[in-house]
Amino acid sequence: MSDAVLPAQASPEADILSALGARSIVLVGMMGVGKSTIGRRMAARLKLPFIDADTEIEAAAGMTIPEIFERHGEPHFRDGEARVIARLLDGGPVVLATGGGAFMREETRNRIAARAISIWLRADPDVIMRRVRRRADRPLLQTSDPEGTVTRLLTEREPIYGKADLTIASRDVPHDRIVDETIETLHAHLCGETASQPPADVASAVR
Ligand code: S3P
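Draft legend 1. View of the sheet that holds strand 2 (residues 50–52). Taken together, the five strands give an open sheet; going across it, the order is 2-3-1-4-5, and neighbouring strands pair in parallel fashion. On the outer flanks of this sheet lie strand 2 and strand 5 (166–169), each paired with one strand and no other. Looking at each pair of strands side by side, their axes are set apart by 25° on average, direction ignored. Pairing analysis gives five bridges linking strand 1 (residues 24–28) to strand 4 (residues 116–122), with the strands arranged parallel. Across the sheet, residue Ser24 finds its bridge partner in strand 4, namely Ala116. Lying over the sheet, helix 6 (residues 106–115) contacts strand 1 and strand 4, oriented at roughly 120° with respect to strand 4.

Draft legend 2. Geometry of the packing of helix 5 (residues 74–90) against helix 6. Axis separation between helix 5 and helix 6 bottoms out at 10 Å; the angle between their running directions is 5°. Accordingly, the angle class assigned to the pair helix 5 and helix 6 is roughly parallel. Contacts between helix 5 and helix 6 involve Ala82, Ile85, Ala86, Leu89 and Asp90 from the former and Thr108, Arg111, Ile112 and Arg115 from the latter.

Draft legend 3. Inspection of the site of the ligand at higher detail. By nearness alone, 13 residues border the ligand, and Lys35, Asp54, Arg78, Arg138 and Arg157 come closest of all. Lys35 places a side-chain nitrogen or oxygen 2.6 Å from an oxygen atom of the ligand. The contact in question runs from an oxygen atom of the ligand to an N or O atom on the backbone of Gly100, over 2.8 Å. Burial of the ligand by the protein chains amounts to 94% of its free accessible area of 380 Å². Of the residues in the shell around the ligand, the class split is five nonpolar, three polar and five charged.

Draft legend 4. Representation of the pairing of strand 1. Among the five residues that make up strand 1, five are buried, leaving the element largely enclosed by the rest of the structure. Burial along strand 1 is two-sided: Ser24, Val26 and Val28 and Ile25 and Leu27, pointing in opposite directions, are all buried. As paired strands, strand 1 and strand 3 (residues 95–97) are joined by three bridges and run parallel to one another. Directly across from Ile25, in strand 3, lies its bridge partner Val95.

Thresholds applied
- Residues numbered from 1 in each chain as written.
- Predicted model: local features only at pLDDT ≥ 70, side-chain atom pairs only at ≥ 80, totals over all residues.
- Heavy atoms only, no water.
- Pairing = 2+ DSSP bridges.
- Helix = DSSP H or I, 4+ residues; strand = E, 2+ residues; numbered from the N terminus.
- Axes fitted to C-alpha atoms, helices over the stretch in contact; angles between N-to-C directions.
- Contact = heavy atoms within 4.5 Å.
- Parallel < 35°, antiparallel > 145°, perpendicular 65-115°, else oblique.
- Near = heavy atom within 4 Å.
- Polar contact = N/O pair within 3.5 Å; in protein donor to acceptor, adjacent residues only side chain to side chain.
- Areas by Shrake-Rupley, 256 points an atom, 1.4 Å probe, with all protein chains shown as cover.
- Nonpolar A, V, L, I, M, F, W, Y, C, P; charged D, E, K, R; others polar.
- Buried < 20%, exposed > 50% of the residue type's maximum accessible area, 1.4 Å probe, protein only.

Written as structure tokens, this is what we have:
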């Protein structure tokens, strides 16, 4: 039998896209877990726009995040962050990477639950520490004991990140492996384990 007579097989990516509808995919989790890197690659795989909420907040404010914290303080940053994320969720479907504190706000969590599938990228504290040390642009970590700050934030935040729809272990393996796992997990969640299998009549026809 030639391939031409078989119906086109849906890919997991196509299944996910159609199951999403207008909903977005939102990556949540601590600084340094790879939300932007993984999010950008997932968006490319799904052929969706990728948006980094921190970049959008900086554009809306006309300032960098350290400048917003310094001039206006964290509560002002958090209000702007919640507004920007609400706007971005209205424009789905997109893949949206959020800053590490965004999911802590209940209003934002509720909006994400209504308009998106949330994925917690979870990493061990030592992986996070190794990664956040490479950059000095995170105001919350400009303390005398960044390691202690990360530990404290993780204790506060992990129970809340755990409310995300899905959890993926971010670790030091090639990024594409994490992306593959995320696509598989999303597919199982949205479409069920068997959704990418051909229908039974096609499966028996090609046997
Ligand atoms: C923050 C994380 C940062 C940024 C801001 C505050 C946080 O984003 O939003 O510095 O509270 O964890 P990343 O998680 O992308 O580093």
